[in-house]
Structure formats: structure tokens, C-alpha cells
Amino acid sequence: MPDLLPPVWAALGGAEAELARIRVTGPPAVLRSAFPVTAVGAAAVGASLLAGTSGTGAPVGVDTTALAVALRSERHVRLGGRSVGSPFDPLSAFHRTADGWLRLHANYPWHRAAALHVLGCTEAEAPAAIAERGAVALETALHAAGGIGAAVRTEREWRAASGPPPPLVERRVLGPSAPRAPRRPRVLDLTRVIAGPVATRTLAAHGADVLRLDPPDRPEIPLQAYDTLPGKRSALLDLAAHGPRLEELLAGADVVVTGYRPGALDRFGLAPEALAQRHPGLVVVTLSAWGHRGPWAGRRGFDSIVQAACGIADAEGSGGVPGALPAQLLDHATGYLAAAGALLALDAQRRTGGTHHVRLALAGTAAWLQALPRTEPADVPDVDPAPHLVALAAPDGRLTLAVLPGTVDGRPLTWPAPAPSYGTAEPGWAGA
């Protein structure tokens, strides 16, 4: 398995000497793919472990069998021993079009409604309606209507359509600020789905007080809430109606993490530059699907959609039918890298000051993956998830989740309290 961590760690701003503390064990490939999925996952998780223990000298480890389960954590969620639903709506799939293939996303009700509106049909009629349309034309119509879909392209077609990819990670200082005094970090979590929530649950696992905010009228999918809320407090807040409360939360935060399209939250005063002016010393982490530049920057997107558009689905397909990575790797890897970036930026702020901005995009992670050497997919035995699952007592019942990937000083990381309880917390800081 290639060691991908050194250049990634350097891009994140980590000190080279810290790399000696990590050890990766287990099979070199635990998920079947032509892409080095295991190595990418190990590098991303390893970066988060090193960042979370920076300066301590503690040895950290990644076991690839546990990693295989963690990178697909949403598949292993159980409540009272029973499934809480599929990660994907039936319409969220590859569909034949008149000239190729389209990947549709309909997991949220509002995206599903937009898709059916564009198609002008019922769910049962959707495949036939899609088959009559051109893939790119339908992709464009979905975007205009607030829906989400992507024509399946080759990597070359994607580069022609989108231009150069965003970097894997971007770090910049937005403005001056005195160093803040060390304390338990407070993280304001304005993210959804997988990548951002994975980042913030990782920050919680490394000791942060994480407060997640969701809009009252756009509830999270229960499966994703159960999977990504451990260790966080979850509150509902209408940002448009409660601007002063949001400002109080920002004033008390050390880190804010957003996971929306560039510019989508600017009207709430959440543009990175605006935050730097009002709250100097804040660490701002922004995640998006496509990056902040280029013709796709303003589009909505998720892991499966980025895979389809950028050529990964084409490369993973066979017999003329597109395929998918064995895990939502773009989401998970980007999440762990974002957590590492946040932790390193927080450390830098406390040492030298400044208002730090860390920026990542699923398309940047996809480009990193695509630039790595590929091999013919080999038969990889399925990992038994049972040893890598944990049961938690939660308000809704006994909850089974994937364990945190990684060890610190030989001891496994564990999910901190509180257990997932969506939307039940007050929007404020503990002890404030």
C-alpha cells in the first residue's frame, strides 16, 4: 500500500517530524477498486490522528480492517438492532439517458421534488422520462430547478467542462489577530450529509465542544443524523430569523465549519472574509462539492454526483454501465482531512495568531484520487464488521455505530458523549 501521508500532511501544514509517530497495519487493500481507496482512507484518517495529538509525542495507529468499516459507517447504523433506512432514495441511481448516463440525487425530499418537477412525471415514470432526455441538458435543467444530477463523463470530458481541479487543501490567513488562550475548542458545525459532519464528529472525538445547527424546516435524514452526531450537541436554528443568536454563537466559537456551496451562507454574514472582520482569531473551515472557482462552483453536489461528473463512475464501471467507489470515499476522506486542517489551524492560531481559513472540496479529493496510480481490481474479502462496531445508549434506543478509526498511544478512540439526539439541544455554548 503506498504511503500517501507525507505530501498530504505537508499540504495541511503539519510538521514533518510528526510523521514518525504513525503506524498503519492490516491488509493493503480492504475495499475493491481500481483506485487506491485503502491508501487514501489511511492517509486521511492518519492525518486527523496526527493533528489531534500534535505535539504530544503519542504514537497513533490506523488498522485497515477497522478503516474499511469506518469509511462506510453509514451502512452499519442500527437502532434497536434494526436498519434505519438506506443511504439512498430509489431515484438516487444511475439512469440511462438518450445519449449516455445520468446520476440523480433525490435523498432529500426537496431535491426529489425538484427532479420529478423537471421530469414532469411520477417516480414510477422517471426512468422512462430520463431515457428520453440528453444527459447534459437534463443535468442543466435539474440545477436550474434546485435539483441535483450529473451526466456521467470521462475524466477527459470533465476536465474540458470544468477546468483545472481545486487543490486537495488550501490554507490561508485572512487577517491579523492576537493568539487566543488555549481552552477546550468550541466548534460551530454548519454542515450536512457526510463530509462536514465526519469532520466535526472527528473534532468531537478529539475533545472539542461541537454544536451543530440545522434549519427547522429542512430536517436531516435520520440515518445520517445517527451516524454523524456522536459527541455533538444538535440544535435547530433559523439563521434568517435569529441573526443575533448566531452572532453570539460565532463570538463564542473557536472554529466554524460550513458545508454549503460557496456564497450560499454569505447572506447570514458567514463569508470567510466577513467572519475574519467581525471575529478575528476564528478558524474558518469551508467544504464544498466543486470548489470556489470555475463554472461549477455554484452548483450543489454530493459524493455520488462528483464521482459521476469527474470520471470516477466511468472508470469504476464495466460493460458500458457506470459504477461507484466501494465507499463514499470523497466524503469520508475530505471529512478527515478537514478535521486535520482545523486542528492544525487552531494550533497555529494559538501559537502565532491570525484568522485562519482552511478550504477543501470533494472535487479536489477526487482529483487527488484520480492522479494516483491504479491497478486492476483484485478480489478483496469482505471485512467482518462485527469487531469494529459499538453499541451506545441513545435517547431513541440502543444505537449501533462503526467505531472510530484509529488508536492513540495504543488505545482505541471512543465516541464521547452525548449520544445522537437530533435537534434537542439549546443553541448555546456549554458553561457560557
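Everything numeric here is computed off the predicted structure, so don't read it as measured data. (Residues numbered from 1 in each chain as written. Predicted model: local features only at pLDDT ≥ 70, side-chain atom pairs only at ≥ 80, totals over all residues. Heavy atoms only, no water.)

### As for the packing of helix 1 (residues 5–12) against helix 2 (residues 37–52)
Rules: Interaxial angles span 0 to 180 degrees and are taken between N-to-C directions of axes, which are lines fitted to C-alpha atoms, for helices over the stretch in contact. Where helices and strands are cited, they refer to DSSP runs of H or I of at least four residues and of E of at least two residues respectively, numbered from the N terminus. Roughly parallel covers angles under 35 degrees, roughly antiparallel covers those over 145, roughly perpendicular covers 65 to 115, and oblique covers all other angles. For any helix crossing, the convention is left-handed if the near helix is rotated counterclockwise from the far helix by under a right angle, and right-handed if that rotation is clockwise. By definition in these notes, contact holds between two residues if any of their heavy atoms fall within 4.5 Å.
The contact between helix 1 and helix 2 brings their axes to 10 Å, and the two run at 50 degrees. Accordingly, the angle class assigned to the pair helix 1 and helix 2 is oblique. Crossing of helix 1 over helix 2 shows right-handed handedness. Within the contact between the two elements, helix 1 uses L5, W9 and L12 and helix 2 uses A43, G46, A47, L50 and A51.

### Remarks on the side chain of S33
Selection criterion: Nitrogen and oxygen atoms within 3.5 Å of one another constitute a polar contact, given that in protein one can donate a hydrogen and the other can accept it, and given that sequence-neighbouring residues count only through two side-chain atoms.
Structurally, the position occupied by S33 is in the loop between strand 1 (22–25) and helix 2. There is a polar contact of 3.0 Å between the side chain of S33 and the backbone nitrogen of F35. At 3.0 Å, the side chain of S33 forms a polar contact with the side chain of E316. Ignoring sequence-local partners within four residues, the contact set of S33 consists of E316, L325, P326 and P377.

### Topic: the pattern of salt bridges
Applicable threshold: Here, a salt bridge means any Lys or Arg side-chain nitrogen found within 4 Å of an Asp or Glu carboxyl oxygen. Burial here depends on accessible area, computed with a 1.4 Å probe over protein chains only, as a share of the maximum for the residue type. Under 20% is buried, over 50% is exposed, and the range in between is partly exposed.
One pass over the full model with this rule turns up 20 salt bridges. Between D189 and K232 there is a salt bridge, with its nearest N and O atoms 3.1 Å apart. Of the two residues, D189 sits in strand 9 (residues 186–190) while K232 sits in strand 11 (residues 232–236), which places them 43 residues apart along the sequence. Both residues of the pair, D189 and K232, count as buried. A salt bridge links D214 to R212; its shortest N-O distance comes to 2.7 Å. Here D214 and R212 have matching classes, each one buried.

Worth remembering: the numbers are spatial, not functional.
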